Amino acid sequence: MKIALALSGGGARCLAQLGYIEILQERLGIEIAALSGSSGGAIATAFLAAGYTSSEILTILQTFPFHKIRFNIHRGTLFCHERLYGELRTLGITTFEACKIPIFITLTDYENSRTHYVHSGDLARAVLASSALLPLFCPIEFEGRHYIDGGITDNLPLSPLRDQPYFKVAINVNPPDVSRFGRGFLGNYKRACYMMLGANIAASIPLADHYVVIEGCQKFGILERRSFATIYELGKRRALEDIKVWEELCSKNF
C-alpha cells in the first residue's frame, strides 16, 4: 500500500510520528510515496525523504548537535538555529531535487503571514525556516524572503498532497486538550495558543483519507530532548493499537 503522508508540527513530539511510521513500514510494508510536513514534522519529513528509516532518524536526533543553537536576544528572539544548516547538509538534507520521493515543506512568510508550500531548491534551509517558531527562533531567509514556522498557518499540511494519487494519511501529535491548563495568566495564554492551533489543524483534517492523533504527546514539551526515546515508543504503541485498522485499510487499498 502506498500513502501520501502529512506530518504535523510539534517539536520533540514529532518523534512519535516516526515511531508510528516504523510499525506501518516494518509490520505492514506500507510505502510512503509523497510527504508533507510543518515545523518538527518538516524535519521528520526531510529525513524520511532522504532515505533514512524511522529508527535511524531517532538515533541521529539523539546525538544531533543542538548545542550549536545560540542565544539571539538582541534580534527580538531567544535563539538562532541557522548554524544547524551545515549539519543538515552533512546528513544528506541538501535539495528537494535530491529526495527519493516528492516532498513539500510548509513555510509562513514573516512579512505578510502567507502560507507557502515549497518543493524545490535548498531543502536544509527550508527545514530551518519551517521550524523557526517565534519568538523562540529567528526568521530564516529562503530564496530572498524571510520565513517562520510553517505550523503557525498550517500545522497539518495536507493541501499540497491533494493532487497526489495515493491514500492520504495525516498524523497529528497535538491532541486537542486544553483542560490541563490552569486559569491564571500563563495558563490562559497557553489555552489560547492551543485553541488557535486546534482550529488550524481542524481545517485540514477533512482532506485526509485517514487521520491519526497520538494521545499522550501533550505530556511532553516541544523542546524536551531528554524524552526523545520515550516519545518515539509512544508512537509505536499507538500504531500497534491501530494495527487491525491498518490491516483492513491495506486490504482495501492494495
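Since we're looking at a predicted model, the values are computed, not measured.

Draft legend 1. How the structure looks around the packing of helix α1 (residues 15–28) against helix α8 (residues 243–253). Taken N-terminus to C-terminus, the directions of α1 and α8 make an angle of 55°; their axes are 12 Å apart at the nearest point. Classified by the interaxial angle, the pair formed by α1 and α8 is oblique. Between α1 and α8 the crossing geometry is right-handed. Residues Tyr 20, Ile 23, Leu 24, Arg 27 and Leu 28 of α1 pack against Ile 243, Trp 246, Glu 247 and Cys 250 of α8. Taken together, the residues of the contact of α1 with α8 sort by class into seven nonpolar, no polar and two charged.

Draft legend 2. Focus on the state of the cysteines. For the structure on display, the rule yields zero disulfides. Here Cys 99 stays free of any disulfide, with the sulfur of Cys 14 as its closest cysteine sulfur at 17 Å. On the basis of relative accessible area, Cys 99 is assigned to the buried category, the value being 14%.

Draft legend 3. Examining the environment of Thr 115 more closely. By the secondary structure assignment, Thr 115 is in strand β6 (residues 115–118). Distance in space between the C-alpha atoms of Thr 115 and Gly 151 is 9.3 Å, their sequence separation being 36 residues. Leave out the neighbours within four places in its chain, and Thr 115 touches Thr 106, Leu 107, Thr 153 and Asp 154. Here the side chain of Thr 115 touches Thr 153 through a polar contact of 2.8 Å, side chain to side chain.

Scoring rules and cut-offs
Residues numbered from 1 in each chain as written. Predicted model: local features only at pLDDT ≥ 70, side-chain atom pairs only at ≥ 80, totals over all residues. Heavy atoms only, no water. Axes fitted to C-alpha atoms, helices over the stretch in contact; angles between N-to-C directions. Helix = DSSP H or I, 4+ residues; strand = E, 2+ residues; numbered from the N terminus. Parallel < 35°, antiparallel > 145°, perpendicular 65-115°, else oblique. Left-handed = near helix turned anticlockwise from the far one by under 90°. Contact = heavy atoms within 4.5 Å. Nonpolar A, V, L, I, M, F, W, Y, C, P; charged D, E, K, R; others polar. Disulfide = S-S within 2.5 Å. Buried < 20%, exposed > 50% of the residue type's maximum accessible area, 1.4 Å probe, protein only. Polar contact = N/O pair within 3.5 Å; in protein donor to acceptor, adjacent residues only side chain to side chain.

Coordinates in, geometry out; function isn't part of it.
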